[in-house]
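Examination of the molecular architecture
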Amino acid sequence: MLEKRKPLPVKLAIEEVMKYSTIGECEKISIHDSIDRFLAEDLVADHPVPPFDRSPYDGFAIRSKDTKLASAENPVELEVIDEIGAGSVSEHSLSENQAVRIMTGAQMPSGSDAVVMLELSKVINKSGTTYMTLKRSFKEGDNVSFRGEDTQEGSVLVKKGTKITPGIIALLATFGYELVTVSKKPKVGIIATGSELLDVGEQLAPGKIRNSNSYMVEAQVKRSGAEPLYLGKLPDDLESCFQAVKHSLDKVDYLITTGGVSVGDFDYLPEIYKKLGANVLFNKIAMRPGSVTTVAEIDGKLLFGLSGNPSACYVGFELLVRPIVRHFLRSKRPHLQMVKAELEKDFLKPNPFTRFVRGKLEFSDGKVKASPVGLDKSNVVTSLAEADSLITLPGGTRGYQAGDKVDVLLIDDQTGSDKPWAESFK
Ligand SMILES: Nc1nc2c(c(=O)[nH]1)N[C@H]1C(S)=C(S)[C@@H](COP(=O)(O)OP(=O)(O)OC[C@H]3O[C@@H](n4cnc5c(N)ncnc54)[C@H](O)[C@@H]3O)O[C@H]1N2
Ligand code: MOO
Ligand SMILES: [Mg+2]
């Protein structure tokens, strides 16, 4: 008699998996290689930025009080006593009615307290001495870029667990991080199962299809910030699949298999977990696609049995594996971010399970609109190419109409969420 599987609410399934989440070790890498990695330490300003008062313009550093009476009728004439470019520091200190020719980025000379843009002044030469004339007055601090105006020493600028972007790299360089401390990438093993599977380079043959899941999952692993280790595709044979799973365990931090988790005669993953002595956390989730998604644990190591159906496999990864990876990488917001959107199509048939419809978002008239892409079936692959979101329709007794406000999970967003989703979800 077939054992009846008890579907676990999605939220509980995620919480169950997160109980086994761990945090990875750190490593130091070159700043050149740090894009898209995850900071393992807060980035703290260890000096003010800019580190000195400087000129934001090409022009003249002056003493504002010398310009008090300046006007079109009564221009003021200041003697130009020095010229400095960015990187140079003037050895002169300004006295009454003196100015220093200064370039953008150069440190303010001592005694100066304002900058006049070159365009607002006139330069004249009188018997070998250079003067600049001004037709208006300036206040103390005019056109000065002050020490610490960008950031003060001690400010936490980026939290650990944040994905490094080009902007963050600019900060790392500003504060002298030739080497950056990042979280080590978890290694995620991938095994595709299925006797029908051909390699990507093979010709189609009767009854066969090309293996797309392992390539897709490999890319999802990379997108999540982890390192994939493709361990091959295997035919539906209990012993060879068992051996492959068993021997892969000490090579990886997490193992993903695709296919073979349902109740078919050749779905061997349940048997493999039994033979391994693994603790199966659940083998059914109240969601569609991906209801057969199974997660087991052995000595604290998670084994993700994702569905063979491409859309189900995709959704299973994003909901369960991604947060585990992001937590490993020290993110405090490891789950997909959820936003509200307006549904663009009817889903009138009630579904007992929460439905994750692959969707595409459109931003128009100040609204976020979510349109389903392709067929809403777990065995479709084409909808995945266009999807940028998962439209989440909680299970229950009612259907959904176009125009309804629905929750949508953002697939490509990096902000993430500290919770799996809104409180309305089960
Ligand atoms: N009697 C029942 N049958 C099924 C149930 C059920 O509850 N009772 N659940 C269905 C649901 S829902 C799903 S989802 C699938 C899950 O099946 P498995 O995870 O066991 O996956 P397979 O049977 O191995 O394959 C399913 C489907 O996906 C294709 N596939 C598999 N691997 C790949 C790959 N690497 N690349 C591309 N496509 C792949 C495979 O050819 C099958 O068509 O079970 C239902 N059945
Ligand atoms: O697990 Mo299946 O994908 O719910 O259709
Ligand atoms: Mg099956």
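Computed from a predicted model, the values in this text were never measured in an experiment.

Rules used in this analysis
Residues numbered from 1 in each chain as written. Chains lettered and ligands numbered in written order. Predicted model: local features only at pLDDT ≥ 70, side-chain atom pairs only at ≥ 80, totals over all residues. Heavy atoms only, no water. UniProt positions renumbered as here; feature names shortened; annotations may be inferred. Helix = DSSP H or I, 4+ residues; strand = E, 2+ residues; numbered from the N terminus. Donors = N, O, S within 2.8 Å, 3.2 Å for Na, K, Ca; no water. Phe/Tyr/Trp six-rings, centres within 6.5 Å; stacked < 30°, edge-to-face > 60°. Buried < 20%, exposed > 50% of the residue type's maximum accessible area, 1.4 Å probe, protein only. Lys NZ or Arg CZ within 6 Å of the ring centre and 35° of its normal. Pairing = 2+ DSSP bridges. Axes fitted to C-alpha atoms, helices over the stretch in contact; angles between N-to-C directions. Contact = heavy atoms within 4.5 Å. Near = heavy atom within 4 Å. Polar contact = N/O pair within 3.5 Å; in protein donor to acceptor, adjacent residues only side chain to side chain. Parallel < 35°, antiparallel > 145°, perpendicular 65-115°, else oblique. Left-handed = near helix turned anticlockwise from the far one by under 90°. Nonpolar A, V, L, I, M, F, W, Y, C, P; charged D, E, K, R; others polar.

**Describing the UniProt feature "domain: MoaB/Mog" (unreviewed entry) in the chain**
The sites that UniProt annotates as "domain: MoaB/Mog" (unreviewed entry) are residues 189-327. Along residues 189-327, the helical share is 35% and the strand share 28%, with 18 Å between the first and last C-alpha atoms.

**Description of the coordination of the magnesium ion (ligand 3)**
In the first shell of the magnesium ion (ligand 3), the protein supplies D267 (OD) and D267 (OD), at 2.4 Å from the metal. For D267, the location among the structural elements is in the loop between β15 (254-258) and α5 (269-276).

**Looking at the packing of aromatic side chains**
Summed over the entire model, instances satisfying the criterion amount to two aromatic pairs. For the pair Y215 and Y230, a centre-to-centre distance of 6.3 Å together with 40° between the ring planes defines the contact as tilted. One end of the pair, Y215, is in helix α3 (residues 213-224); the other, Y230, is in strand β14 (residues 227-234), and 15 residues separate them in sequence. Overall, the relative accessible area of 30% leaves Y230 in the partly exposed class. Their ring planes at 80° and their centres at 6.2 Å tell us that Y254 and F328 sit as a pair that is edge-to-face. Note that Y254 is positioned in strand β15 and F328 in helix α6 (residues 310-328), a separation of 74 residues in sequence. We note K126 situated over the ring of Y131; from NZ or CZ to the ring centre the distance is 5.1 Å.

**Overview of the sheet that holds strand β18 (residues 294-298)**
Across the sheet, which stays open at both edges, the six strands sit in the order β14-β11-β15-β19-β18-β16 with mixed pairing between neighbours. Single-partner strands in this sheet number two, and they are β14 and β16 (279-282). Neighbouring strand axes in the sheet, compared pairwise and without regard to direction, differ in orientation by 20° on average. The pairing of strand β11 (residues 187-193) with β15 spans five bridges and is classified as parallel. Considered in β15, the bridge of G189 is made with L255. Lying on the sheet, α5 is in contact with β11, β15, β16, β18 and β19 (301-306); it crosses β19 at an angle near 165°.

**Observations concerning the site of ligand 2**
The environment of ligand 2 is made up of M287, R288, P289, G290, S291, V292, A312 and S378. Interatomic distance of 3.2 Å between a backbone N/O atom of V292 and an oxygen atom of ligand 2. Here S378 contributes a side-chain N or O atom positioned 2.8 Å from an oxygen atom of ligand 2.

**Section: the packing of α3 against α6**
Where α3 meets α6, the closest approach of the two axes is 10 Å, and the angle between their N-to-C directions is 25°. Classed by the angle they form, the pair α3 and α6 counts as roughly parallel. Regarding α3 and α6, the two cross each other, and that crossing is right-handed. Contacts between α3 and α6 involve N213, M216, V217, Q220, V221, R223 and S224 on the former and, on the latter, P310, C313, Y314, F317, E318, R322, V325 and R326. Residue composition of the contact of α3 with α6, grouped by class: eight nonpolar, three polar and four charged.

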